Protein chains: 2
Amino acid sequence: MRWVQSFLEGDGKNKALLGGKGAGLCEMTRLGLPVPTGFVITTEACTNFLTSGEAWPEGLAEEVETAVQALEQRTGKRFGDHDKPLLVSVRSGAAVSMPGMMDTVLNLGLNRETAGALARATGNPRFAWDSYRRFIQMFGDVVLGIHYTRFSRIEEQVLQGTHIDEVDADQMQELCTRLEEVVLEHGQSFPHDPREQLRFAIDAVFRSYNSHRARYYRKTHDIPDDAGTAVNVQLMVFGNMGDDSGTGVCFTRNPKTGARGLFGEWLPNAQGEDVVAGVRTPLPLNDNSERDGLQLQHAMSGPYADLLEMQAKLEAHYGDMQDIEFTIERGHLYLLQTRKGKRTAQAAVQIVVDLVEEGVIDRSEALSRIDPRQLEYVLRPVISPDAKKKVVARGLDASPGAACGRVVFEPQDCQDFHDNNEPTILVRLETSPEDIQGMTVAQGVLTARGGQTSHAAVVARGMGKPCVVGCTDIQVDYARELFYAGDDVVRKGDWITIDGGTGEVMLGQVEMIAPQTDSGAMATLLGWADDEARLRVRANADTGADAARARQLGAVGIGLCRTEHMFFQPEALKAIRQMILADDTRSRQRALNEILPIQRQMFAEIFKAMEGLPVTIRLLDPPLHEFLPQRESDITEVAQDLGVRPDALRARLSQLHEANPMLGHRGVRVGITTPEVYATQVRAIFEAACDLERKGVKVYPEVMIPLVGLEAELERMRALVIETAERVIQQYGSGPDYKIGTMIELPRAALIADKVARHADFFSFGTNDLTQMTWGYSRDDMGKFFADYQREGVLRESPLAVFDIEGVGQLVHMGVDKGRTTNPRLKTGVCGEHGGDPVGVGFFHRVGLDYVSCSPYRVPVARLAAAHASLGLL
Amino acid sequence: MRWVQSFLEGDGKNKALLGGKGAGLCEMTRLGLPVPTGFVITTEACTNFLTSGEAWPEGLAEEVETAVQALEQRTGKRFGDHDKPLLVSVRSGAAVSMPGMMDTVLNLGLNRETAGALARATGNPRFAWDSYRRFIQMFGDVVLGIHYTRFSRIEEQVLQGTHIDEVDADQMQELCTRLEEVVLEHGQSFPHDPREQLRFAIDAVFRSYNSHRARYYRKTHDIPDDAGTAVNVQLMVFGNMGDDSGTGVCFTRNPKTGARGLFGEWLPNAQGEDVVAGVRTPLPLNDNSERDGLQLQHAMSGPYADLLEMQAKLEAHYGDMQDIEFTIERGHLYLLQTRKGKRTAQAAVQIVVDLVEEGVIDRSEALSRIDPRQLEYVLRPVISPDAKKKVVARGLDASPGAACGRVVFEPQDCQDFHDNNEPTILVRLETSPEDIQGMTVAQGVLTARGGQTSHAAVVARGMGKPCVVGCTDIQVDYARELFYAGDDVVRKGDWITIDGGTGEVMLGQVEMIAPQTDSGAMATLLGWADDEARLRVRANADTGADAARARQLGAVGIGLCRTEHMFFQPEALKAIRQMILADDTRSRQRALNEILPIQRQMFAEIFKAMEGLPVTIRLLDPPLHEFLPQRESDITEVAQDLGVRPDALRARLSQLHEANPMLGHRGVRVGITTPEVYATQVRAIFEAACDLERKGVKVYPEVMIPLVGLEAELERMRALVIETAERVIQQYGSGPDYKIGTMIELPRAALIADKVARHADFFSFGTNDLTQMTWGYSRDDMGKFFADYQREGVLRESPLAVFDIEGVGQLVHMGVDKGRTTNPRLKTGVCGEHGGDPVGVGFFHRVGLDYVSCSPYRVPVARLAAAHASLGLL
């Protein structure tokens, strides 16, 4: 046979020839699964048909006839038979699935006579005539090209207002007669001969490959246009042949939890569409379901036992949890479809770990099956799939997880509500470091502006807090304490729910599913990941609590401790403001001395949490003006608090004003111009470290200088750190081993990495700033054009979210290679947002970095991604 | 002789052995110049002395004695002779000059007896005893280590209030006696024997090589510490031996204009120090000086003739204009020193051109002798060297040339003063595009903020207008219309003068020298430069007038025509504001249509000025908000003008606000999101071009897309340009050849240049932005830390002023190389500020760019620099 293959013969791997569905049916058949039998007409037949003026290729007609006869023989049914009529489905099936794009004809083989036979066989004449009615319409529409409105107009005339569900068998039969006349009026007689029906149906399926919508689908999905579709001709089976029949869907494991055992539902004496239509309430298969009612295992123990056997066979063959559609026709179990079952992230992890224990797959396979991005969801609350929700706006999914609370606009209100045990969602145009305290106690954050690495997004991710940013659908009015979202007005105190995993903003309190923190399987999987991975995973954490959480999630060190957040502690904030306003070195140092014990305490907490592991501390990075009040309304208050005239504060603010703060006086530039700031921080680090070492706590501080672009900058700061550290160590008598390194976050630093590396024990690539400088993008501003860029297809994903291997990657590669030429023992890592982005992790593995560092909640993601990288999957 | 060489023997090239001064004296002697005779003790003798416990090496004493005897023989004078005493100077002279760092003893050989002989010989006993007095003090201080205060205390006692100038010869002799006693009291007798004096003096000079200040000087100037100094022992000659004696200084050519002929002044019967002291008014040498008085050529025709002979000999030997010190002792001319004469930039050009014509040097040598940076000054007014000035503040030298005018703070006032024929200096914190009209009519610009590439600096350089920026010494108070500079208050309407070549701000109207635009020699030199250079030089020009000036200065095309300045024309400004405020595409296009004819007209003017040469036009680059009023005070007015509510304007402003506009929605990003803006510009370009071509004017438009960072951006814009251009060309029937290219100004563009080049006919490296992104610097903000960086030695020069070969250079190199891999015919150039910076030009030559483009006034600089690059000098 050249054009046709029966399910018994077809090669289950040859999707190109048999299409995805056809190959699957062949494979299931050859596995011995009870698939309704049938045959496949190959994709080659289709392409031949389409390229030769819609003529059947030579031999096709004969082969189809041979296959039909074989089918009749195997089933004991015959086309047109008045007793046991053969009914088949005719379905398209291309190599690459195009769901819903091509045509299908069901119940082919029906005519007045065979419909009568079906009525007798099912004892359900209404069902039989209804099937015939549907067949006439489907065949008329799909095969004969009669517009469906012609049929519905006649239906309306006949029914005269009666709903189709209330029509009885006789009326249904009458309706069929009238529909046959529609076909006749259209200039064709309805083909009663099933063989003729089949020939027409095959033509129609072939043709549907070139329908407008199918072509459009291929174009938008980058599917080649000349592959053709296969045609599957398969025996129809019926679950509505009486009480020994039924239909159902099931998973071979629980898709929500991953627990072993069949999980699903069924309906006795019903067709598959009845389950989908939801007219009748399905019954449980067994005790695994929470649903009440007659269980299949009790109602039909035989077919249920067959199902259990199939479960084992399917999982053994496919090596994964399956989603099955089945029909029981007169006590015979038929499998209509099996495919990889969709599952929650939590179930996915449980399943692969179990499959390894069951010996079905190995650890590498288990690791490879879990998308690292999924893991983030395992640790966060999510919106319940069944929840009713009113989505009023949509922004960028900045930090996953769902949160629900009362709307507030001022960070201070978060605290006030919090004090009354009221959860809040902080809604702002954008956030700034002043808002951090408020964000800490809010449930979630929603901003109208900003992108994936805006301040709000970065901080929220660091806190593991749900966050939606760049939500241009809302208009925030601070003065009136409300925001508009379309026609809705949301006022301070109103409840909203946000989903940081989808970017949705919903009114009211939407039902959520709590995070699954029972992580037995997760811990097992991530343990395997660590064994497989070469890249180590650290976390970005600024407090002892964050560090402890990060360690719990498997971080083997802190890759980035931002010290500026410490300055936003109320006492520290006052002191740093005094420092900034100080006119001379002495009063500046006096102010810094007040900050010293606060910082020392916070460093000590982090060191304790990370005992025995390295902690990379970045010295002050933001420009000093970030510590001064930005809003005119706060200036008077702050000035009074500091005991200065508001004008003096305004003057300093104006002096510190920068046109482009991103490119301004910050990072090491502050260290060079105001070395006492860095010296005080280093002193705090080493006093904390020496004190803990004395108490027997092993600490490994790594001091990191940000924004270096010149060799001389790092050279000087290294000298300053060593001098300060050694002085403290001398005071204490002994101290920790320590390292001094730098962020590589300016393109220039990467370009001259060989020179910079002479003064660095480690490089940490700050890919946020490196990306911003390399692209000339500002995370706070790119929203202005990025939406247009996405819509126009100029740029698919933000380089701040997904690492830009093509461009920024060159600089990272260059930085590592050049750095190692002058310093072969250089340790290298990444501490930007991309440390938790699988695309980035894959690249960082390939260029030979030692570690990545990311938000605590992304540590599991990064650990698995690192394993994927080792496995060559990224 | 091993340790000593006479001037007659020494090798004039061997500076290492004889020191710079000694070698020079030997060379002059061997040339037959009348140098007072003498000998050199080698640097090796010094190092031997210093490394062997300050003992003279074996044979040195004998060699010195032999040399002294030879000297006595040659001069007919003898040490200690009562009639013809030999007097010598003993001077240090290391291989590398360390001016003022080591010791010198003059008039060595004087004692009571020889002083008497000097008195008789000069007929000037006061001079003789004064010389002796100085000798005792100098010898006592330098050689014997007696602190000079001991001598001055005795002087005060003796003089009792009489000024030393009023002391007569007898009193002077008495003073000498008392000073001899000081030496005696110090425990030493003053050595009367000149040979003993000489031995001591040589020791002292040797030792002074290791003095603290000499060591420090070597350390700070990177001079090795073990080279030693030579000691020059040279006959003293006296220009005060009567009316047949005299002294003077002269140049072999006019140092202000370069004109041929001796140029200098002299004093009869005087010592060199009399000329320096300015007590007597010098007389002219000849008619070349404007000075009145007895000319040397008439007073002493013999020595004058000798001087003329020397002039020829010196220039023939040294191949350059010389600066000579001479003394005439009793009719004999002695040459005390000759060195390359300092000269103005204008003179320097004239001289090298003349020297080529005279056959003294060749063209390459002529080109190599002129520092390209000098040429900028030839074309600008400068402060007169003799001018009296009160410098009250100092900023960055942003655009050279001096300017004088009345202080104004508002751009509008520039116009008002201008209308009354009053020149102005515009003083601002910083400038913005709104200020351009004011800058156009101001004489110069002074800003308190900003760096070398701040808006003010860039625009002023483009206009060839003097400008001082980043002048943190001044505090500007707009409200009270004044600025403070130290204790001075400068109010609106007060006169000030600024020097954009030095950064000085001066009170009042300071005398200036007008620019020399007679450029015969300049034209000749630049013609040679063009023959030598490979790099072509274009100019950055935004108007027809600028383009014409650029062409006059030798630009062979426009490398950057910024189109945004056109939008600041009043009519265009209103239309662009309407465009920005428009809600829909139609009203946006209507506003753009109003701008179309204005732009077309301006493009036509530039094309006409550059007939036959290429003109690169950059499509709109700045973010749109730059066209809206930034000051609250202007908002109401502008809103009224546009017929919108001020709130609507404020809302749009707030919507367009950017945290980092440098990294914001500008350049091609505007082109992608609002393609009608670019399309209108392209239409204007091609309508102007087609119209001119029709009239027989040959134009070569090159359309340049700014800020490209993605291949897709250029691909789309190229399509837009072609589509629009071809439509216009079709309307006109025919049109010009044109090119489409891009700026490479984002690091990413350089990194993916191979991809970008697929859609580009040319690359123009925008080194301003490229430097800012690569370094993470903002030209408007870097002033905040750059001064500290310079003071601390972290960074010597701003990378925005002097091209950063080490860092940014790598990106340019990569960009060119990668671009050519996919597009071998790619044309490459630079249009940033560095196109006129010789360091940059040298690099751009080496990496193989085709052209550089710079401000019109820098075109001569760049042309010469391009030649220097070809000659391997850069």
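The coordinates are above.
The written sequence of each chain sets the order in which its residues are numbered from 1. The lettering of chains begins at A and the numbering of ligands begins at 1, in the order of writing. Local features in this predicted model are restricted to residues whose pLDDT is 70 or higher, and side-chain atom pairs enter the listing and the counts only when it is 80 or higher, whereas totals over whole chains, interfaces and linings include all residues. The side-chain numbers reported here are obtained from all heavy atoms of the structure, hydrogens and water having been left aside.

A. The arrangement of the interface of chain B and chain A in detail. Listed per partner, the contact involves 50 residues of chain B and 51 residues of chain A. Two parts placed together each lose some accessible area; with a 1.4 Å probe, that loss summed over both constitutes the buried area. Taken together, the two surfaces of chain B and chain A that pack against each other cover about 4600 Å², and 56% of this comes from carbon and sulfur. If you sort the residues of chain B by the area they bury against chain A, Leu663, Arg748 and Lys784 of chain B come out on top, with a joint share of 14%. The salt bridge definition used is simple: a Lys or Arg side-chain nitrogen within 4 Å of an Asp or Glu carboxyl oxygen. Along the contact surface separating chain B from chain A lie six salt bridges. Here Asp804 of chain A ties to Arg748 of chain B by a salt bridge, and the two come within 2.8 Å at their closest N and O atoms. As used in this structure description, the phrase polar contact means that two N or O atoms lie within 3.5 Å; if the pair is within protein, one of them must be able to donate a hydrogen and the other to accept it, and residues adjacent in sequence are counted only when both atoms belong to side chains. Linking chain B to chain A there are 32 residue pairs in polar contact (both at pLDDT 80 or more). Contacts are assigned to residue pairs that have any heavy atoms within 4.5 Å of one another.

B. Looking closely at the sheet that holds strand β29 (residues 762–765) of chain B. Residue and element names in this part refer to chain B. In this analysis, strands are considered paired if DSSP registers two or more bridges between them. In DSSP terms, a helix is any run of H or I states spanning at least four residues, a strand is any run of E spanning at least two, and both are numbered starting from the N terminus. Overall, parallel pairing links the eight strands, which are arranged β24-β25-β26-β27-β28-β29-β30-β31 in a closed barrel. Between one strand and the next, the sheet's axes are offset by a mean angle of 25°, whatever the strand orientation. One ladder, built from four bridges, connects strand β24 (residues 536–540) with strand β31 (residues 851–854); its direction is parallel. Among the inter-strand pairings, Val537 is bridged to a residue of β31, identified as Val852. What counts as an axis is a line fitted to C-alpha atoms, over the stretch in contact for a helix, and the angles between N-to-C directions run from 0 to 180 degrees. Against the sheet, helix α34 (residues 859–870) contacts β24 and β31, and its axis sits at roughly 160° relative to β24.

C. Representation of the packing of helix α22 (residues 585–609) of chain A against helix α26 (residues 675–694) of chain A. All names here are of chain A. Two elements in contact, α22 and α26, have axes whose closest approach is 7 Å; the angle formed by their N-to-C orientations is 35°. The hand of the α22/α26 crossing is right-handed. Across the interface between the two elements, Thr585, Arg588, Gln589, Leu592, Asn593, Leu596, Gln599, Arg600, Phe603, Ala604, Phe607 and Lys608 from α22 touch Glu676, Val677, Thr680, Gln681, Arg683, Ala684, Ile685, Glu687, Ala688, Ala689 and Leu692 from α26. Among the residues forming the contact of α22 with α26, the class breakdown is 11 nonpolar, six polar and six charged. For any pair of crossing helices, the crossing counts as left-handed if the nearer helix is rotated counterclockwise from the farther one by less than a right angle, and right-handed if it is rotated clockwise. Residue type decides the class: Asp, Glu, Lys and Arg count as charged, Ala, Val, Leu, Ile, Met, Phe, Trp, Tyr, Cys and Pro as nonpolar, and the leftover types, Gly among them, as polar.

D. Here's a closer look at the pairing of strand β30 (residues 827–830) of chain B. All names here are of chain B. In this sheet, β30 lies alongside β29 in parallel orientation, the contact comprising four bridges. Bridge pairing in β30 places Phe762 opposite Lys827. As paired strands, β30 and β31 are joined by two bridges and run parallel to one another. Bridging across to β31, Gly829 finds its partner in Tyr851. Crossover connection from β30 via helix α33 (residues 838–846) to parallel β31: handedness right-handed. Call a crossover right-handed when, viewed with both strands pointing away from you, the route from the first strand across the helix to the second goes clockwise.

E. Inspection of the relation of the copies chain B and chain A at higher detail. What sets the superposition is a least-squares fit of C-alpha atoms, and only residues with pLDDT of at least 70 in both copies go into it. Mapping chain B onto chain A calls for a screw motion: a turn of 179° about the axis and a shift of 0.3 Å along it, with 0.5 Å RMSD after fitting. The relationship between the two copies is best expressed as a two-fold rotation axis. Among all residues of chain B, the minimum C-alpha distance to the rotation axis is found for Asn660 of chain B, at 2.1 Å. Residue by residue, 100% of the interface of chain B is reproduced at the interface of chain A, so both copies engage with the same surface.

F. Inspection of helix α2 (residues 43–51) of chain A at higher detail. Residues and elements named next belong to chain A. Every buried residue belonging to α2 is among Thr43, Ala45, Cys46 and Phe49, and all of these are buried. Buried residues of α2, seen end-on, are gathered within an arc of 155° and therefore sit on one face of the element. Buried positions along α2 lie against α1 (15–30), β2 (38–41), α3 (60–75), α8 (194–208) and β5 (229–235). Here's how the labels work: a residue is buried when its accessible area is under 20% of the maximum for its type, exposed when over 50%, partly exposed in between, all with a 1.4 Å probe on protein chains only. The arc in question is traced by the directions running from the helix axis to the C-beta atoms.

G. Expanded view of the sheet that holds strand β9 (residues 322–329) of chain A. Residues and elements named next belong to chain A. Taken together, the five strands give an open sheet; going across it, the order is β8-β7-β6-β9-β10, and neighbouring strands pair in antiparallel fashion. Strands at the two margins of the open sheet, each flanked by one partner only, are β8 (283–284) and β10 (332–340). Examined bridge by bridge, β9 and β10 share eight bridges and lie antiparallel to one another. Bridge pairing links Phe326 to Leu335 in β10. Together, β6 (246–253), β7 (260–268), β9 and β10 form the strand contacts of helix α12 (residues 301–318), whose direction differs from that of β10 by roughly 30°.

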